Amino acid sequence: MRKLKETIDKIKLDDYEREKILHRILNHEEEKKRDKKAFLPRLTTFFLAFILVTGSCYALAKVFQIDDKFKFLFGKTDEELYEYGISGSAVSKTKEFTDAKITIQQTILDEKEIYIMLEVEGKEENIYLEEAYLSSGNSFDETILNQVKNQEEIDSMEIHCSETQKYGCYSRGLAFVNEKDRKTGYAISISIDGKLKEKEEVTLRLVSTEGKNYDIPFTLYKNEIKIKENKSVQIVYEEGDLAVSVKEVRVTPLHIIVDFNYSKPIENLSEEEQASLFANVFNENGTSDTYVTYKDGATSILRLEGNNLSTMSGGIGTKEEQIKNIESVKSVTINHVTFTF
């Protein structure tokens, strides 16, 4: 084992790529013990040995194929997404309904957002989606939704964000991606509040434009994703008896994520204090006091959002520009205080 790690360390890769290769080799060795006569594992061993000898890692080490809907949504190639450190989990869960067959194909996530790629096949006609919700458990939790009426007295649903509801409390999106032969493809994004387990049972509820519900339970797995961290503690806000400091800043290809400490309990913050935090620290109004700086000298405004004030996050640039190579990020500035990577 030690020699294997030493060999891996000699390859000129970053830590993320090196760990992924080591992880795959170790997993392969376990599989080979279960079936020593299998041809494919022997072939895989040859390929991995070739990678170690040549140092050429990309084409052979990449075993996870990113869904075309995700690539289309952000206009990125397989090569770019792999270079950025994005991976995912294959779900391949199909559920039959009287009028449709729905397949959840893949999930891609970091700690603050899930992307779910799926396909809806209408049995007699096309079926189009209007809403998507996610709850914990093997069946959909109806308590996470509230029925409300808008000004026109039309009923609609909204997320009821209790302490136990971690999905979709501050952001949900549903993108129609493609359509062919009564099959419609969607990429759904759902925000995350709270700590994810390595795997957990969840249920996705899809709502059609006709108002019909389709509930699909599946297992949600964490996936590998590249990350950079700055753990220097700095105060970014002081007003009266309230001081706010940053514990850690994390950068993933999807988000800037910031952990905060408060000098008094969050639940004791007044409305005025919260309003000041959103304006000055979380940059609700999009000023130039909170931003990302890149190695080429360019900058982009950063807005932080979330249902939990202890951990807030923001995308880099517009949604279409959100996927970034984190190696291009030089620093993150929060209310004039800079954290360098």
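Here, the structure is the one placed above.
Residues numbered from 1 in each chain as written. Predicted model: local features only at pLDDT ≥ 70, side-chain atom pairs only at ≥ 80, totals over all residues. Heavy atoms only, no water.

*Asks:* Explanation requested: the sheet that holds strand β3 (residues 113-122) in the structure shown.
*Replies:* Where strands meet in a sheet, backbone hydrogen bonds hold them as pairs that are either parallel or antiparallel. Across the sheet, 5 strands lie side by side as β1-β2-β3-β8-β7; this open sheet has antiparallel pairing. The open sheet is flanked by β1 (89-96) and β7 (167-180), the only strands paired with a single partner. Across the sheet, the mean angle from the axis of one strand to that of its neighbour is 20°, orientation sign disregarded. Sheet topology note: the β7/strand β8 (residues 183-192) ladder contains 9 bridges and is antiparallel. The partner of Phe176 across the bridge, within β8, is Tyr186. (Pairing = 2+ DSSP bridges. Helix = DSSP H or I, 4+ residues; strand = E, 2+ residues; numbered from the N terminus. Axes fitted to C-alpha atoms, helices over the stretch in contact; angles between N-to-C directions.)

*Asks:* Sorry if this is basic, but what is going on with the pattern of salt bridges here?
*Replies:* Opposite charge on two side chains allows them to pair when their charged atoms are near. Taken as a whole and assessed by the stated rule, the structure comprises 18 salt bridges. With a shortest N-O distance of 3.1 Å, Lys71 and Asp78 are connected by a salt bridge. Each member of the pair, Lys71 as well as Asp78, carries the same accessibility label: buried. Notably, a salt bridge pairs Lys226 with Glu327, separated by 3.4 Å at the nearest N-O pair. Of this pair, Lys226 sits in the loop between β10 (213-221) and β11 (228-230) while Glu327 sits in the loop between β17 (311-314) and β18 (329-334), and the two are 101 residues apart along the sequence. For Glu327, a relative accessible area of 33% puts it in the partly exposed group. Among the charged side chains, a salt-bridge network with shared partners connects Glu111, Glu248, Arg250 and Asp259. (Salt bridge = Lys/Arg side-chain N within 4 Å of Asp/Glu carboxyl O. Buried < 20%, exposed > 50% of the residue type's maximum accessible area, 1.4 Å probe, protein only.)

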